[in-house]
Amino acid sequence: MGFQLWYSKQTGIKRKGTSFSELQNIFTDNITTKFIFEPLACCKTGDNTDEVIQTLKQRNFDTLGVVNQDDIKIGYIKLQDLGDNPIDTYIQNFDLNILIAESTPLSELIKILCDKEFVYVLSSDSIQGIVTRADINKPIVRIYLFGIISLFELHLNYWITDYHIEESWTKLLKDRRIESARGIYDDRKGNNAQLTLLECIQISDKKVILRNTDNFLAKFDYSKKGFHQLLERSEKIRNELAHSQTSIIANLPWADFASTIQNIELFLKISEAKVTEK
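Residues numbered from 1 in each chain as written. Predicted model: local features only at pLDDT ≥ 70, side-chain atom pairs only at ≥ 80, totals over all residues. Heavy atoms only, no water.

1. Focus: the overall build of the chain
The test is simple: Going along the chain from the N terminus, every DSSP run of H or I of four or more residues is numbered as a helix, and every run of E of two or more is numbered as a strand. Computation of the radius of gyration draws on C-alpha atoms alone. For the globule rule, the value is 2.2 Å times the number of residues to the power 0.38. Residues scored as charged are limited to Lys and Arg (positive) and Asp and Glu (negative), so that His and the chain ends carry no count. By convention, the point assigned to a charge is CZ for Arg, NZ for Lys, CD for Glu and CG for Asp.
Broken down by element type, the chain carries nine helices and seven strands. Compactness check: the chain gives a C-alpha radius of gyration of 24 Å against a globular reference of 19 Å for 278 residues, more than 25% above the reference. Seen through its principal axes, the chain has C-alpha atoms that stretch 75 × 40 × 40 Å. Looking at the chain, you have 34 positive and 38 negative side-chain charges, and the mean spots of the two groups are 8 Å apart.

Structure, rendered in structure tokens:
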């Protein structure tokens, strides 16, 4: 069923809850920055600078909010800026370019954090929290990322089966890669009558197949290098997610991580449109 992307053979109608737009809408409408930001820790304008520095280091923080004597947030400080002067000499304003709403979707947040290591979060018309790149490691973000990467793989499978009848794609892989896939197939088969050999190959194998499939790259306007890069980085992220690593962004520079997620999302939008046209 997955290879046909959940289209009914009888009606031609796509089954509910299986499209990228539906997956994205779930998170856009319901799961937002609100669910992952941390309350903003603050110091006071009269606090001792050395003590504030120690607090930041002990908590492994890069920044703190600053409140005045009336406990009103008036700005923020960054650890890298602090020296021997009083705290109030280091206060920076909460500029609009570092503020986001708690309703910001996760997909949009990833784009925002491409340029900034952290942003402050507006909730109920006041600055209530902070979200950093490290927060992308939280379970709810992992669920979204694993969802779109899983769907990405299903679309790759779809196009392989669309271009290659009766597993003719095996001719494009080295014998040892086919043997490895057959070993996985034998281990997983059990009572799963619908399991196919294609489901047992790696993303790196799918990359080889589709890079060498006539017209596929042109259909999606990819160069061989660009497609190679997308699948290589996608596999790194998928593996980090699948193996429950503490950090899923450790093996890629942030710009590469963010652009890969954006490119996967773009691929899914284009692919779904082309599948619908068929």
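2. Quick notes on the sheet that holds strand 2 (residues 42–44)
Where we set the bar: By this definition, two strands are paired if DSSP reports at least two bridges between them. Between N-to-C directions, angles cover 0 to 180 degrees, with each direction set by a line fitted to C-alpha atoms, over the stretch in contact for helices.
Across the sheet, which stays open at both edges, the three strands sit in the order 2-3-4 with mixed pairing between neighbours. In this open sheet, the two strands that pair with only one neighbour each are strand 2 and strand 4 (73–78). Adjacent strand axes in the sheet meet at a mean angle of 40°, parallel and antiparallel pairs treated alike. Where strand 3 (residues 63–67) lies against strand 4, five bridges are found, and the strand directions are antiparallel. Looking at strand 4, one finds that Leu64 is bridged to Ile77.

3. Concerning the packing of aromatic side chains
This is how it is decided: Only Phe, Tyr and Trp rings take part, Trp by its six-membered ring, and two of them pair if their centres are within 6.5 Å. Stacked means planes under 30 degrees apart, edge-to-face means over 60, and tilted covers everything else. Burial classes: relative accessible area under 20% of the type maximum marks a residue as buried, over 50% as exposed, and values in between as partly exposed (1.4 Å probe, protein chains only).
A complete count under the given rule lists 14 aromatic pairs for this structure. Look at Phe216 and Phe220: their rings are 5.1 Å apart centre to centre, the planes differ by 45°, and that puts the pair in the tilted class. Assigned by exposure class, Phe216 and Phe220 land together as buried. Pairing Phe220 with Phe267 gives two aromatic rings, centres 4.6 Å apart and planes at 20°, and the pair type is stacked. Here Phe220, found in the loop between helix 7 (216–219) and helix 8 (224–242), pairs with Phe267, found in helix 9 (residues 254–277); they are 47 residues apart in sequence, far enough to count as distant. Site record: aromatic cluster; members linked through ring pairs are Phe152, Tyr158, Trp159, Tyr163, Phe216, Phe220, Tyr222, Phe227 and Phe267.

4. Thoughts on the pattern of salt bridges
Put simply, the test is: The term salt bridge refers to a pairing of a side-chain nitrogen on Lys or Arg with a carboxyl oxygen on Asp or Glu at a separation within 4 Å.
Throughout the structure, instances matching the rule amount to six salt bridges. In this structure, Arg238 engages Glu153 in a salt bridge whose closest nitrogen and oxygen atoms are separated by 2.6 Å. With a gap of 85 residues between them, Arg238 in helix 8 and Glu153 in helix 4 (residues 139–163) connect regions that are remote in the sequence. What makes Arg238 buried here is its relative accessible area of 15%. Notably, a salt bridge pairs Arg233 with Asp256, separated by 3.4 Å at the nearest N-O pair. Of this pair, Arg233 sits in helix 8 while Asp256 sits in helix 9, and the two are 23 residues apart along the sequence.

5. Description of the pairing of strand 3
The condition is simple: With strands facing away from the observer, any crossover in which the path from the first strand over the helix to the second runs clockwise is taken as right-handed.
The element strand 3 is largely enclosed, with a buried count of five among its five residues. What you see with strand 3 is no split at all: Thr63, Gly65 and Val67 on one side and Leu64 and Val66 on the other are buried throughout. Pairing geometry for strand 2 and strand 3, over three bridges, is parallel. Across the sheet, Lys44 pairs through a bridge with Val67, a residue of strand 3. A crossover links strand 2 with its parallel partner strand 3, the connecting element being helix 2 (residues 49–58), and its sense is right-handed.

6. Digging into the sheet that holds strand 5 (residues 99–101)
Spatial ordering of the open sheet is given by 1-7-6-5, a layout of four strands whose pairing is mixed. Because the sheet does not close on itself, it has two edges, and the strands there are strand 1 (38–39) and strand 5.

7. A closer look at the nonpolar core
Inclusion rule: Here, nonpolar core means buried Ala, Val, Leu, Ile, Met, Phe, Trp, Tyr and Cys residues that are tied together by side-chain atoms lying within 4.5 Å of each other. Residues are treated as being in contact if the distance between any of their heavy atoms lies within 4.5 Å.
Judged by nonpolar contacts, the single largest core of 56 residues is most densely connected at Leu109, Ile136, Leu145, Ile148, Trp169 and Phe257. The dominant element in this core, judged by the number of residues it contributes, is helix 4, at 11 residues. Apart from residues lying up to four places away in sequence, Leu109 is in contact with Thr33, Ile36, Ile100, Thr104, Val119, Val131 and Ile136. Residues Val66, Leu82, Ile87 and Tyr90 belong to the second largest nonpolar core, which totals 10 residues.

8. Regarding the side chain of Ser107
Note that Ser107 resides in helix 3 (residues 106–112). Taking the relative accessible area as the measure of exposure, Ser107 reaches 13% and is therefore buried.

9. Details of the environment of Asn30
By secondary structure assignment, the location of Asn30 is in the loop between helix 1 (20–29) and strand 1. Classification of Asn30 by relative accessible area gives partly exposed; the value is 47%. A C-alpha to C-alpha distance of 30 Å links Asn30 and Ile203, two positions 173 residues apart in sequence. Dropping the residues within four chain positions of it, Asn30 is found in contact with Asn25 and Phe35.

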